Amino acid sequence: MRFRAKIVDLACLNHFSRVINTIAKLAKTCTLRLTVCKLYFILSDKVANGGASMWCELCQGNFFDEFQMEGVAAEHNEIYLELVPENLSRALKTAQSAKAVKIKLTNKHCPCLTVSVELPSLSSSSRIVTHDIPVGVIPRRIWNDFREPSVPDFDVSIYLPVLKTMKSVVERMKNLSNFIVIEANLSGEMNLKIETDLVSVTTHFKDLRNPPWASEDGCQSSTQGRDLESMAEARIDIKKLQQLLAGQQVNPTKALCNIVSKRIVHFILLHEDVSLQYFIPALA
C-alpha cells in the first residue's frame, strides 16, 4: 500500500487548502478514500442517530502535479484512511507561499500522512517543514460502510439563494432557536422559519428556480404530479446548517437543496472540480 502526491502550482495548492478547511469545519474526523483518479472525504455518521453525513469528491488531476498510489490489492486498488481534517488543514496553512507540497503515506510509530512543505528561501538550500498527521488504515472488510449515499427520492429540489445571504439569516436565527424549518416548493420559493413560544420568524426567498431533475429511467422523481405551490418541509438542527454555510470556502458555482418532507434535507454544492453533498436528517 503506497501513496505519494505533489502540488507545485500555487493556485491549486490554495484551492486544495480551501477544500480541506471546509471539510474541517464539517467533520471532526472523516474517512479519506484514495483511488487512482479521485479523492473522497466521507463522513458517515448514521443519519438514523441524528448525525449529518457528508460526501465530498475531487478529481486529483485538477490539484496534483504528481499522484501515485498502490491500493491494498490489485483488484481493490484503493486506500481508506481515517483522519482528523483539522490536522491536515493546519499543515496546509504553513504552505501558503510554498514552492511545493508533498503528501506521502508513511509509517512512523503509526501510519501517518506526512506533509512536506518546501518554503522559498533566500539561500540556495531550501527550507522544508514536515508535518506527520496520524491516520488509521481502514480494513477492507468494512469499506462497504463508506459507499456513496444514495440521493433520496425528494419531494422538492430547489437552487439555494446566495449562500452569504442565507448564512447571515441563519446566524441571526440561531440566537433565537436550536431548530429551523426549511420549506420549498416547485415554484422557486423557499422559506426559512423558526417558531418558539416567544417568537416566530420567517424569511422568504422567491424566484430561485427548480433544477430540471430526471431519474435514470427518464421520469421525474416523486416531484411528478406534485402541486407546484405546496411546500415540502423539514425541521433540522440549526447548528448543522450554520456549520455548512459558515464553512464554505469553495464558492460553489451551483448550490441546491433537495427536501424529503419530514425526513431529510440534502445539500449539493458544486464547483468545477469539487462536489460536496451534505445530508441533515429532519427532527420530529
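Keep in mind that what you see is a predicted model, and the values were worked out from it rather than measured. (Residues numbered from 1 in each chain as written. Predicted model: local features only at pLDDT ≥ 70, side-chain atom pairs only at ≥ 80, totals over all residues. Heavy atoms only, no water.)

1. Some words on the pairing of strand β6 (residues 79-83)
Looking along a regular strand, one sees the side chains alternate between the two faces of the sheet. The element β6 is largely enclosed, with a buried count of 4 among its 5 residues. Note that β6 and strand β10 (residues 136-137) share 2 bridges and pair antiparallel. For Glu82, the partnering residue across the bridge sits in β10 and is Gly136. (Buried < 20%, exposed > 50% of the residue type's maximum accessible area, 1.4 Å probe, protein only. Helix = DSSP H or I, 4+ residues; strand = E, 2+ residues; numbered from the N terminus. Pairing = 2+ DSSP bridges.)

2. What about the domain arrangement of the chain?
According to the domain assignment, the chain consists of domain 1 (2-145) and domain 2 (156-281). Taken over C-alpha atoms, the centre of domain 1 sits 29 Å from the centre of domain 2. Each partner contributes residues to the interface: domain 1 has 20 residues there, and domain 2 has 17 residues. Taken over both partners, the interface formed by domain 1 and domain 2 buries close to 1,700 Å², and the fraction arising from carbon and sulfur atoms is 60%. Contact with domain 2 buries surface across domain 1, with Thr22, Lys25 and Leu26 losing the most and accounting together for 29% of the total. Applying the counting rule to domain 1 against domain 2 returns 0 salt bridges. (Domains from an automatic or database assignment. Contact = heavy atoms within 4.5 Å. Buried area = accessible area lost by both parts, 1.4 Å probe. Salt bridge = Lys/Arg side-chain N within 4 Å of Asp/Glu carboxyl O.)

3. Considering helix α2 (residues 85-93)
For α2, every residue scored as buried is listed here: Pro85, Leu88, Ser89, Ala91 and Leu92. Projected down its long axis, α2 carries its buried residues within an arc of 160°, all on one side. In the core, the buried residues of α2 are packed alongside α1 (10-26), β2 (30-34), β6, β7 (100-108), β8 (110-119) and β9 (127-134). (Arc of directions from axis to C-beta.)

4. So, the pattern of salt bridges
Summed over the entire model, instances satisfying the criterion amount to 9 salt bridges. Ionic pairing is found between Lys262 and Glu233, a salt bridge with its closest N-O pair at 3.9 Å. A residue pair is termed long-range when its members are at least 10 positions apart, and Lys262 in the loop between β16 (254-260) and β17 (264-271) and Glu233 in strand β15 (residues 232-237) qualify at 29 residues. The salt bridge involving Asp237 is made with Lys240; its shortest N-O contact spans 3.6 Å. Exposure remark for Asp237: the relative accessible area of 21% places this residue in the partly exposed category.

5. Re the environment of Tyr278
Mapping Tyr278 onto the fold places it in strand β18 (residues 274-281). For the pair Tyr278 and Ser89, spaced 189 residues apart in sequence, the C-alpha to C-alpha distance is 20 Å.

6. Structural notes on a nonpolar patch on the surface
A surface patch of nonpolar side chains, amounting to about 250 Å² of accessible area, comprises Met1, Val72 and Val137. Structurally, Val137 can be placed in strand β10. Assessed through its relative accessible area of 40%, Val137 is described here as partly exposed. (Patch = residues over 30% accessible without salt bridge, like charges linked within 9 Å, V, L, I, M, F, W, Y side chains within 5 Å. Areas by Shrake-Rupley, 256 points an atom, 1.4 Å probe, with all protein chains shown as cover.)

7. Notes on the state of the cysteines
Counting across every chain of the model gives 0 disulfides. Residue Cys112 stays outside any disulfide, its sulfur separated by 4.0 Å from that of Cys110, the closest cysteine. (Disulfide = S-S within 2.5 Å.)

8. Quick word on the packing of aromatic side chains
As enumerated under the stated definition, the model contains 7 aromatic pairs in all. Summarising the aromatic geometry, the rings of Tyr80 and Trp143 are spaced 4.4 Å apart at their centres and angled 25° between planes, so their arrangement reads as stacked. With a gap of 63 residues between them, Tyr80 in strand β6 and Trp143 in the loop between β10 and β11 (156-159) connect regions that are remote in the sequence. Accessibility assignment for this pair places Tyr80 and Trp143 in one class, buried. Each ring, one from Tyr80 and one from Phe146, has its centre 6.2 Å from the other, and the planes form 45°; the classification is tilted. Separated by 66 residues along the polypeptide, Tyr80 in strand β6 and Phe146 in the loop between β10 and β11 bring together distant segments of the chain. Through a chain of ring-to-ring contacts, three or more aromatic side chains come together here, namely Phe3, Phe16, Phe63, Phe64 and Phe67. The ring of Tyr40 has Arg33 lying over it, and the distance from NZ or CZ to the ring centre is 4.3 Å. (Phe/Tyr/Trp six-rings, centres within 6.5 Å; stacked < 30°, edge-to-face > 60°. Lys NZ or Arg CZ within 6 Å of the ring centre and 35° of its normal.)

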